[in-house]
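# Coordinate analysis (summary)
If you want the building blocks of each chain, they are given just below.
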Amino acid sequence: METTDIKVLDKVVVRFSGDSGDGMQLAGNIFTNVSAGVGNQVSTFPDYPAEIRAPQGSLSGVSGFQVSVGMNVHTPGDKCDVLIAMNPAALKQNVKFLKPGGVIIVDIDSFKEADLKKALFETNEPFKELGINAQVVEVPVTSMTKAALADKGLDNKSVLKCRNIFALGLVCWLFDRPLEAAIRHLQSKFAKKPAIFEANREVLQAGYNYGHNIHASVSTYRIETENPQKGVYTDINGNTATAWGLIMASERSGRPLFLGSYPITPATDILHELAKRKDLGVTAVQMEDEIAGVCSAIGASFAGDLAVTSTSGPGLALKGEGIGLAVIAELPLVVIDVMRGGPSTGMPTKTEQTDLMQALYGRNGESPLCVLAATTPTNCFDMAFEAARIAIEHMTPVILLTDAFIGNGSSAWRVPEASEYPEIHPRFVPESLREGWKPYKRDEKSLARYWALPGTEGLMHRVGGLEKDSDTGAISTDPVNHEKMVALRREKVARIADNIPLQEVLGDENADTLLLGWGGTYGHLRTAANELNAAGIPMAFTQLAYINPLPRNMAEIMSRYKRVIVAELNTGMCADYLQAQFPTTHIDRINKVQGQPFQVSEVVEKVREILGK
Amino acid sequence: MEELIYTPANFKSDQSVRWCPGCGDHAILNSLHKAMAAVGVAPHQTAVISGIGCSSRLPYYMNTYGMHTIHGRAAAIATGVKLANPELTVWQVSGDGDGLAIGGNHFIHAIRRNIDINMMIFNNKIYGLTKGQYSPTSDRGTVSKSSPYGTVEDPFIPAELVFGARGNFFARSIDVELETTREVMIAAARHKGTSVVEILQNCVIFSNGVHSRITDKEVRADRTIHLRHGEKMLYGKDMNKGLVRDGFYIKAVELGKDGYTIDDVLVHDAKLPSNFLHQQLAMMDGETLPLAVGVIRDVDSITYNDAVSQQIEEVRAKKGFNSLREMILAGDTWTVE
């Protein structure tokens, strides 16, 4: 008997692809969780179409799920080592993501003439037609699945629905993943359908056995692990992390959490998660539109809740006037924008960083507010917490920018203790100021006004969208007062810089060049910087999470480097924003607006181009 | 007589009222101060939320918690206030433009959910603060600055929207009838759920006399009927006219004429679960049938805020967690030693 060739790798990238009804996201998710469970770092990228069910087998209906597992994993990987394609359309759409020397696993039962036609192949030789010279493992997934379930009494449709789990079983064998863990995940997924769970367990084992039996024809992999910090871990995507970060802020501030929202891709999972969290006392309401989402939150904020609204770019546009009200009424409000491709409806399921200007300036009048951006799926937890902390302690709306990539992407995450996060101190009217208190009296240091909650005796007051006298809080159209209030609101936001961490520079700090990104591109840019340094091109790297105000040391950082390369998934919004504030810094730009995250290789290549190296 | 804990003065702020002299809003404000005193909820337990427009200035004249917000959004903001603190008595003040045009969506959905707020719609059939454009309640043909040749669209009848949105409380008054306004405001405050009060209000500048064919002293008794729960539907200067059933419809008769007696006259039942008759009463327009004022519908049903908090309590009783960490640890996790 031949022995299986075992490759030892520090990380591998697997891409599951199939029809959007084939359950590729589920297979990918279980593989991710199982890998995280054996101690791998994981990073995922679900790439799914906007159509819920495009015609079966068509190119537009292909759904993909890419995951990188192993050590030093910061991204889901540019390209994959193993591509699973459940039909010809999936193969055609995804072969471009395969690394040279990678392996393709196809369900050969789905490569009949009719299937090839649906995927617009012109010949009966799909591999030749696509110019594939990689190793292709042709697996009869459909017939093996049917055979495994022959005596289970399931209807044909239910049988076919298990094909994804056969593929999962095969991949588990390939990467030496423990089946018990995968079975546990199936059990919780199909807890209410024991017959379906049984079928899937059977098929999982069949897929694993199939791999074992053909093991001579393909190499298997051993993935290295590193020892992470001790503790309890769970797999978490960015949207869930955002929801949980808000709950943590509610615990640390003592203010009940309120979410007023409206369904919008790719932000809706935040609403879903918080709607479930009635078990923690969260009030999450689905309002009649985006405007009512933000307005109900403003009402809840006035009444004393930690109030949040969640949306994506088009929804942020609709909420603009409401956010302006929170600016002038100086109420705490957290606005989450999970960015997607625009303008207008744009590309709802794809990722972009094109809402930065909208977040900073997309309101009438002088209406400054705090803008934050989360850098990774797990960092969404920390930045959602920060957004709430800053909103409450500085009495201001805060916009937190995340994006489809980190919102849907997931990583392993150590479950923190509440005590790892600071207490948040709501700015209630101090006893000493209650005599003669007026609604726009401010804390001298932060310039924040105080939060006088309805229901409190003696603090009745009115706030609203009209300009107010800086002293009495009464309506005022006095020109000098207005200019004073504009300056006060701006300075209040600027002083948030006293209450946020300094910007950290990674990589080779003494390099001449700084690679700078913001938000969800962290993983790709950090990996690119590492690769550049490894290739002998000294590179400092920093990723902005606090965008307005910028950390106190940004001016020093921007003056330290000969050139700053700002890389972002838009046509240069952050570069423009920084150039306006640091006019003497030489800024180069790397931009991409394709609805897709950066690839590490393209960033490395463009940096080399800019530097002529 | 009931002993009042609060007087109207307790609800007045120190701001000088800036509506035009003769504006109907003065009378409504006055009635509201009195109604709040009669309801007896403390000023600090009261929140008044408005949108934008002349009527929406009202919160500044109240010594309560208040928000003067943005155009059309008062219902959505009031919903958030009530959900965050259900102990508060929440009033919303809007005009016909604010509430039914730009805010129309929030208006119907607040009513559909039955959030426990008291919505006052000051209906003067015109945009006053922007200086005289037609509104969604302006009659077809209304000449205004934005309709110099007359409007070519039909108006909303606020009551019809309320019933279309499955409203459980609708009342109507006229600005000059201070006592009726006070009476319906008190009923609105006592009703659990969304209470809509339409107040026919006169804008002396841009739509002066828009309601006068019904509200003028000389004709009012014959063109309006004050409905009171449990009482006969009688009206007229001499209270000799009444409403009777006419097949599926209602008709107005004179007692003693055509053989009609007091026994034929309908008794108003504001508590009827079916809104069929309430709708007919609310749609009477002062032409062949008198315009109805008073509480037309007042039916109890679970409020949105109660339903929201009850559901949270039920879920927590069944599988509540004390902390985020506890909730996460109950899910899929693994331990790194």
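The paragraphs below set out a description of the structure included in this document. (Residues numbered from 1 in each chain as written. Chains lettered and ligands numbered in written order. Predicted model: local features only at pLDDT ≥ 70, side-chain atom pairs only at ≥ 80, totals over all residues. Heavy atoms only, no water.)

This part covers the interface of chain B and chain A. In this assembly, 55 residues from chain B lie in contact with 67 residues from chain A. Between chain B and chain A, a total of about 5,000 Å² is buried, with carbon and sulfur atoms accounting for 66% of that surface. When residues of chain B are sorted by the area they lose upon contact with chain A, B:Tyr65, B:Leu324 and B:Trp334 head the list and together hold 17% of the total. Taken together, chain B and chain A are joined by three salt bridges. Of the charged contacts, one joins A:Glu417 and B:Arg325 as a salt bridge, the two residues approaching to 3.4 Å between their closest N and O atoms. (Contact = heavy atoms within 4.5 Å. Buried area = accessible area lost by both parts, 1.4 Å probe. Salt bridge = Lys/Arg side-chain N within 4 Å of Asp/Glu carboxyl O.)

Counting through the fold element by element, B:Asn118 comes out in strand β4 (residues 117–123). Excluding residues within four positions of it along the chain, B:Asn118 makes contact with B:Thr89, B:Val90, B:Trp91, B:Gln92, B:Ala188, B:Ala189 and B:Ser195. (Helix = DSSP H or I, 4+ residues; strand = E, 2+ residues; numbered from the N terminus.)

Next up on the list: a nonpolar patch on the surface. A contiguous nonpolar surface patch, about 400 Å² in accessible area, is contributed by B:Phe248, B:Tyr249 and B:Phe276. Positionally, B:Phe276 belongs in helix α9 (residues 276–283). (Patch = residues over 30% accessible without salt bridge, like charges linked within 9 Å, V, L, I, M, F, W, Y side chains within 5 Å. Areas by Shrake-Rupley, 256 points an atom, 1.4 Å probe, with all protein chains shown as cover.)

Glancing now at unusual backbone geometry. Residues and elements named next belong to chain A. Cis peptide bonds are those with omega within 30 degrees of zero, and the linkage from Gly 342 to Pro 343 qualifies with 0°. Following the sequence through the fold, Pro 343 ends up in the loop between β13 (333–339) and α14 (356–361). The linkage connecting Asn 548 with the following residue, Pro 549, adopts the cis geometry, with an omega of -5°. On the secondary structure map, Pro 549 appears in the loop between β21 (546–548) and α19 (554–560).

This paragraph deals with the nonpolar core. One finds A:Trp244, A:Leu274 and A:Leu578 to be the most contacted residues of the largest nonpolar core, which totals 171 residues. If you tally residues by element for this core, the top one is helix α15 (residues 379–394) of chain A, at 10 residues. In this view, A:Trp244 contacts A:Thr234, A:Ile236, A:Glu273, A:Phe381, A:Trp413, B:Leu324, B:Met327 and B:Ile328; residues no more than four positions away in its chain are not counted. (Core = buried A, V, L, I, M, F, W, Y, C linked by side-chain atoms within 4.5 Å. Buried < 20%, exposed > 50% of the residue type's maximum accessible area, 1.4 Å probe, protein only.)

Here we come to the environment of A:Thr376. Residues and elements named next belong to chain A. Relative to the helices and strands, Thr 376 is located in the loop between β14 (370–373) and α15. Separated by 60 residues in the primary sequence, Thr 376 and Leu 316 have C-alpha atoms spaced 21 Å apart. Excluding residues that lie within four positions of it along the chain, Thr 376 makes contacts with Ile 406 and Tyr 522. At a separation of 2.9 Å, a polar atom in the side chain of Thr 376 contacts the main-chain amide nitrogen of Asn 379. (Polar contact = N/O pair within 3.5 Å; in protein donor to acceptor, adjacent residues only side chain to side chain.)

This next bit is on the environment of B:Thr7. All names here are of chain B. Relative to the helices and strands, Thr 7 resides in the segment before α1 (24–39). Looking at Thr 7, the relative accessible area reads 40%, which means it is partly exposed. Each C-alpha atom, one on Thr 7 and one on Ser 274, is 37 Å from the other, the two residues being 267 residues apart in sequence.

Before going further, it helps to examine the sheet that holds strand β20 (residues 540–544) of chain A. Backbone hydrogen bonds hold the strands of a sheet together, and the pairing may be parallel or antiparallel. Residue and element names in this part refer to chain A. Here five strands make up an open sheet; going across it, the order is β18-β20-β19-β22-β23 and the pairing mixed. The two strands at the open ends of the sheet, each matched to only one other strand, are β18 (506–507) and β23 (587–591). Relative to β20, strand β19 (residues 513–518) runs parallel, the two being bridged by five bridges. In the sheet register, Leu 514 faces β20, and the bridge partner there is Ala 540. Along the sheet, helix α18 (residues 522–534) makes contact with β18, β19, β20 and β22 (563–568), crossing β20 at roughly 175°. Strands in contact with helix α20 (residues 573–581) are β19, β20, β22 and β23; relative to β22, the strand with the most contacts, it is inclined by about 145°. (Pairing = 2+ DSSP bridges. Axes fitted to C-alpha atoms, helices over the stretch in contact; angles between N-to-C directions.)

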